[in-house]
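Chains, contacts and geometry: an overview
As a plain string of letters, each chain reads:
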Amino acid sequence: QAQLVESGGGLVQAGGSLRLSCAASGRTFSFYAMGWFRQAPGKEREFVAAISWDGGNRNYADSVKGRFTIARDNAKNTVYLQMNSLKPEDTAVYYCAADGKLATLIKNYGAVDYWGKGTLVTVSS
């Protein structure tokens, strides 16, 4: 059974950094686009970043551009989200996702093939 498992969340002070990991298992995700989403309390889930299957195309939400970096290691079936200069407004549950199409992650996340269960990131002021 295909599964995505996030890790690396936690409590950090504003201005600090965290690196999230998403380990995929149950199938090979090497040819899937991968992405990160987040959902803050009382808000809708929102797109954060996505990366094409070969790493050649990366997209970011405007709110995280220049601070977050998405990367993947297909040999390890893992995708990462390096988060720097964190702000209190980055506080949310962060979800990993995988889909056969990068565009689906960016524009139509309701149709995404696979989701992880999330990891909580809390940024204190």
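Right above here is the structure, for reference.
Notes on the structure in this doc start here. (Residues numbered from 1 in each chain as written. Predicted model: local features only at pLDDT ≥ 70, side-chain atom pairs only at ≥ 80, totals over all residues. Heavy atoms only, no water.)

1. Brief notes about the packing of aromatic side chains
Here is the rule we go by: Pairs were defined over the aromatic rings of Phe, Tyr and Trp, the Trp ring being its six-membered one, requiring ring centres within 6.5 Å. Orientation was assigned from the angle between planes: stacked under 30 degrees, edge-to-face over 60, tilted for the rest. Working definition: helices are DSSP H or I runs of at least four residues, strands are E runs of at least two. Numbering for both runs from the N terminus. Only protein chains enter the calculation, and the probe is 1.4 Å; a residue is then buried if its accessible area is under 20% of its type maximum, exposed if over 50%, and partly exposed in between. The criterion is that NZ of a Lys, or CZ of an Arg, lies within 6 Å of the ring centre and within 35 degrees of the ring normal, and then a charge sits over that ring.
Overall, the coordinates contain eight aromatic pairs when judged by the stated rule. Geometrically, the ring pair formed by Phe 37 and Phe 47 is edge-to-face, given 5.7 Å between the ring centres and 75° between the ring planes. A residue pair is termed long-range when its members are at least 10 positions apart, and Phe 37 in strand E4 (residues 33-39) and Phe 47 in strand E5 (residues 46-51) qualify at 10 residues. Comparing Phe 37 with Phe 47, the two get one shared label, buried. Among the aromatic residues, those joined into a ring-pair cluster are Phe 37, Phe 47, Tyr 109 and Trp 115. Over the ring of Tyr 95 we find Arg 45; its NZ or CZ atom is 3.8 Å from the centre of that ring.

2. Structural notes on the pattern of salt bridges
Any two side chains of opposite charge can pair if their charged atoms end up close together. Short version of the rule: For this analysis, a salt bridge means a side-chain nitrogen from Lys or Arg found within 4 Å of a carboxyl oxygen belonging to Asp or Glu.
Overall, the coordinates contain four salt bridges when judged by the stated rule. Among the salt bridges present, the one from Asp 90 reaches Arg 38, with a minimum N-O distance of 2.9 Å. Of this pair, Asp 90 sits in the loop between strand E8 (78-83) and strand E9 (92-99) while Arg 38 sits in strand E4, placing them 52 residues apart in sequence. Arg 38 gets classed as buried once you look at its relative accessible area, which sits at 6%. Residues Lys 65 and Asp 62 are paired through a salt bridge, measuring 3.2 Å at the closest nitrogen-oxygen approach.

3. Side note on the side chain of Ser 52
Going by this rule: The contact definition used throughout considers only heavy atoms, calling two residues in contact when any of these lie within 4.5 Å.
Following the sequence through the fold, Ser 52 ends up in the loop between E5 and strand E6 (58-60). Given a relative accessible area of 10%, Ser 52 falls into the buried group. Sequence-distant contacts of Ser 52, defined by excluding residues within four places in its chain, comprise Ala 33, Asn 57, Arg 72 and Leu 102.

4. A word on the environment of Lys 107
Mapped onto the secondary structure, Lys 107 falls in helix H1 (residues 102-107). In sequence terms Lys 107 and Phe 47 are 60 residues apart; their C-alpha atoms lie 8.5 Å from each other.

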